[in-house]
Amino acid sequence: MASSKKLTLFGLIGITMAFFGTVRSVPSLAVTGWTQIFYMLVAAILFALPIALMSAELSTGFQEDGGPQVWVKKAMGEKWGFVTSWLLWVQMFFGMVMVASTVGILLGYVINKPDLSSNNIFIFVIILISYWGVTLLNLKFDMVKIAGNWGAVIGVYIPFGFLIILGLIYMMKHGIQPDNYLGHFKASDLVPNFKDLGSVAYLSAIIFIFAGVEISSVHANNIENPKRNYPIAVISSVIALVILNLIAGLTVSNAVPQGKMELANITQPFVIFCNDLGVPAIFVNIVSAMILIGVLVQLSAWVLGPSKSMIKVADEGNLPKLFQKRTKKDIPITFVMIQAIVISLVSFLYVVVPDVNSAFLIITITTTILYCIVYLLIAISAIRLRYKMPELNRPFRLGNKGNGLMWFVSLLSILSVIITIIVSIIPPSILKPSQYTGYMIYQVAATLVMIAVALIIYKLKKPEWKKNDLAD
């Protein structure tokens, strides 16, 4: 009976791919031209795979709810467990501003006003309207249940398929376009130009494609023979995602003129393809509306997900009683309202930085840095737990004997995370030289402030914060 509930290998591959399937990241990949092949391989091999494999061992070893914050808490103590849960919550402030910014751009195409896609004030206003809108809807209705899985099908998979098909047809018709991002192929284009460090900063945005890779590890307990099937599922999923993203990225690179890529505007390549191939203009409106639906569904899912994780942290006494408040529908109202207010403040960056492209990239990189701090803590925890709890039953274990493979995978992950953070602090080439200092100060300050706030809150915590009905 239990076996009937087990996931098949292909089922786990499908679920894992669903976590990372997004059409929004294609322009950030395409802007790097031929170098995207190198960047995607680095992101997959050095970043995604080590984190996914470590998370699988930790997830099968510690099967209680909580994920990364539980693993870090077991390895490094309650303080760092709290920091982990805090960072996973606050990274959403930046991530959701980045996601919500695409709403205004898509809406401009839906209503045949594409000029609005580059209007920073319009983007700012639509971020506020869309995020507060889905927040208020989630307080009233179970939007995740209403939306179900159809939001991903309509808003991600179908548009992604269209993008690949149209891009391949365009490439077969025209070949490699010399004046666009691919240009004439040179072997040197396959590796980054380290003389132009600003271009290397795009690696951070590409790595963001795989952010959240640890989430799929929760299903490692639900698959037959996890020792064999989980790594097969993860590796297969990552390979498939690399191939699909590269097909989309390379075809978009081939279509967009050099210097004209709009990072937050996935509709741009659809417009180019449809105009060239004679596809009716209404197709662009329809695809934009479909992607818009997918973005709103994603925003809706994120309104409550991280908040429900954080209220458990509050119940354990890590935050004041105010944060334990729930509505009659068990919605963590304090967290939901705080995140809506902070997201509104972060979105003001679109007013401060008038160029929509620059603001989008800056916020994407901030989100990646915060995620990387969490992955650094996970990698350290994975090693520590091998020595702290050697007898723990690990249905999925890296290496049959000893800790050599775990050391290798963890150190590989730590190295990739450190490189990503360093690269993220380098001002991207899209910025003006006058903005370089401000950019570096912002990224360093945003990261340090987010970590410091968590440590200060933990330092100030009081015994009476703990929820009375929690077991000791």
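Refer to the structure presented above.
Please read these numbers as outputs of a predicted model, since none were measured by experiment.

With that out of the way, let us pick up the overall build of the protein chain. Along the backbone of the protein chain there are 18 helices and 0 strands. By the compact-globule yardstick of 23 Å for 472 residues, the protein chain fits well, its C-alpha radius of gyration being 22 Å. Based on the C-alpha atoms only, the size of the protein chain along its principal axes is roughly 65 × 50 × 50 Å. Out of the 472 residues belonging to the protein chain, those deemed buried represent 55%. For the protein chain, long-range pairs separated by at least 24 residues make up 81% of all intrachain contacts whose partners lie at least 6 apart in sequence. Total accessible area on the protein chain stands at roughly 20,100 Å², and carbon and sulfur atoms take up 69% of it. Both charge centroids of the protein chain, one from 34 positive and one from 21 negative side chains, sit 5 Å from each other.

Trp 86, Leu 87, Tyr 131, Leu 163, Phe 210, Leu 299 and Tyr 350 are the most contacted members of the largest nonpolar core, which has 147 residues in total. A per-element tally of this core places helix H16 (residues 356-388) first, with 20 residues. With residues near it in sequence (within four places) discarded, Tyr 350 still touches Val 97, Ser 101, Asn 120, Ile 123, Phe 124, Ile 127, Val 356, Ala 359, Phe 360 and Ile 363.

Next up on the list: helix H12 (residues 267-277). Every buried residue belonging to H12 is among Thr 267, Gln 268, Pro 269, Phe 270, Phe 273 and Cys 274, and all of these are buried. Those residues of H12 that are buried lie in contact with helix H5 (78-110), helix H8 (150-174), helix H11 (226-255) and helix H13 (282-318). Gly 278 sits one or two positions beyond H12 and adopts a positive phi of about 75°.

Between the first and last C-alpha of helix H17 (residues 404-425) there are 32 Å, a value that for 22 residues agrees with the 32 Å anticipated at 1.5 Å per step. Taken as a whole, H17 has its buried residues at Met 406, Val 409, Ser 410, Ser 413, Ile 414, Ser 416, Val 417, Thr 420, Ile 421, Val 423 and Ser 424. If you follow the buried residues of H17, they end up packed against helix H3 (36-61), helix H9 (197-200), helix H10 (202-207), H16 and helix H18 (436-460).

A complete count under the given rule lists 13 aromatic pairs for this structure. Summarising the aromatic geometry, the rings of Phe 82 and Trp 86 are spaced 6.1 Å apart at their centres and angled 45° between planes, so their arrangement reads as tilted. With a gap of 4 residues between them, Phe 82 and Trp 86 both fall in helix H5, about one helical turn apart. Across the pair, Trp 86 and Phe 82 agree in class, each one buried. With a centroid separation of 5.6 Å and an interplanar angle of 70°, the aromatic rings of Trp 86 and Trp 89 are classed as edge-to-face.

Okay, the packing of H5 against helix H14 (residues 333-346) next. Following both chains from N to C, one finds H5 and H14 inclined at 50°, their axes separated by 9 Å at the closest point. It follows from the interaxial angle that H5 and H14 lie oblique. Note that H5 runs across H14; the crossing there is right-handed. Between H5 and H14, the contacting residues are Trp 89, Met 92, Phe 93, Phe 94, Met 96 and Val 97 on the first element and Phe 335, Ile 338, Gln 339, Val 342, Ile 343 and Val 346 on the second. Residue classes in the contact of H5 with H14 are distributed as 11 nonpolar, 1 polar and no charged.

At their nearest, the axes of H8 and H11 sit 9 Å apart, and the two run at 50° to each other. The angle between the axes of H8 and H11 places the two elements in the oblique class. Relative to H11, the crossing made by H8 is left-handed. From H8, Phe 160, Leu 163, Ile 164, Gly 167, Leu 168, Tyr 170 and Met 171 reach across to H11, where they touch Leu 244, Asn 245, Ile 247, Ala 248, Leu 250, Thr 251, Val 252, Asn 254 and Ala 255.

Scanning the model with the defined rule gives 8 salt bridges in all. Between Arg 394 and Glu 57 there is a salt bridge whose closest N-O contact spans 3.1 Å. Placement of the pair is Arg 394 in the loop between H16 and H17 and Glu 57 in helix H3, with a sequence separation of 337 residues. Judged by relative accessible area, Glu 57 falls into the buried class, the value being 2%. Taken together, the shared-partner salt bridges in this structure form one network comprising Glu 57, Arg 386 and Arg 394.

For the rest of this paragraph, the subject is the side chain of Thr 366. Note on placement: Thr 366 falls in helix H16. Classification of Thr 366 as buried rests on a relative accessible area of 1%. Within the local environment of Thr 366, its side chain forms a polar contact with the backbone oxygen of Ile 362, the two atoms lying 2.9 Å apart. Not counting chain neighbours up to four residues away, the residues in contact with Thr 366 comprise Phe 94, Tyr 442, Gln 443 and Ala 446.

The rules behind the values
- Residues numbered from 1 in each chain as written.
- Predicted model: local features only at pLDDT ≥ 70, side-chain atom pairs only at ≥ 80, totals over all residues.
- Heavy atoms only, no water.
- Helix = DSSP H or I, 4+ residues; strand = E, 2+ residues; numbered from the N terminus.
- Rg over C-alpha atoms; globule rule 2.2 N^0.38 Å.
- Buried < 20%, exposed > 50% of the residue type's maximum accessible area, 1.4 Å probe, protein only.
- Contact = heavy atoms within 4.5 Å.
- Areas by Shrake-Rupley, 256 points an atom, 1.4 Å probe, with all protein chains shown as cover.
- Lys, Arg positive; Asp, Glu negative; His and termini not counted.
- Charge placed at Lys NZ, Arg CZ, Asp CG, Glu CD.
- Core = buried A, V, L, I, M, F, W, Y, C linked by side-chain atoms within 4.5 Å.
- Expected span 1.5 Å × (residues − 1).
- Phe/Tyr/Trp six-rings, centres within 6.5 Å; stacked < 30°, edge-to-face > 60°.
- Axes fitted to C-alpha atoms, helices over the stretch in contact; angles between N-to-C directions.
- Parallel < 35°, antiparallel > 145°, perpendicular 65-115°, else oblique.
- Left-handed = near helix turned anticlockwise from the far one by under 90°.
- Nonpolar A, V, L, I, M, F, W, Y, C, P; charged D, E, K, R; others polar.
- Salt bridge = Lys/Arg side-chain N within 4 Å of Asp/Glu carboxyl O.
- Polar contact = N/O pair within 3.5 Å; in protein donor to acceptor, adjacent residues only side chain to side chain.

Everything listed here is a matter of coordinates, which is why it stays silent on function.
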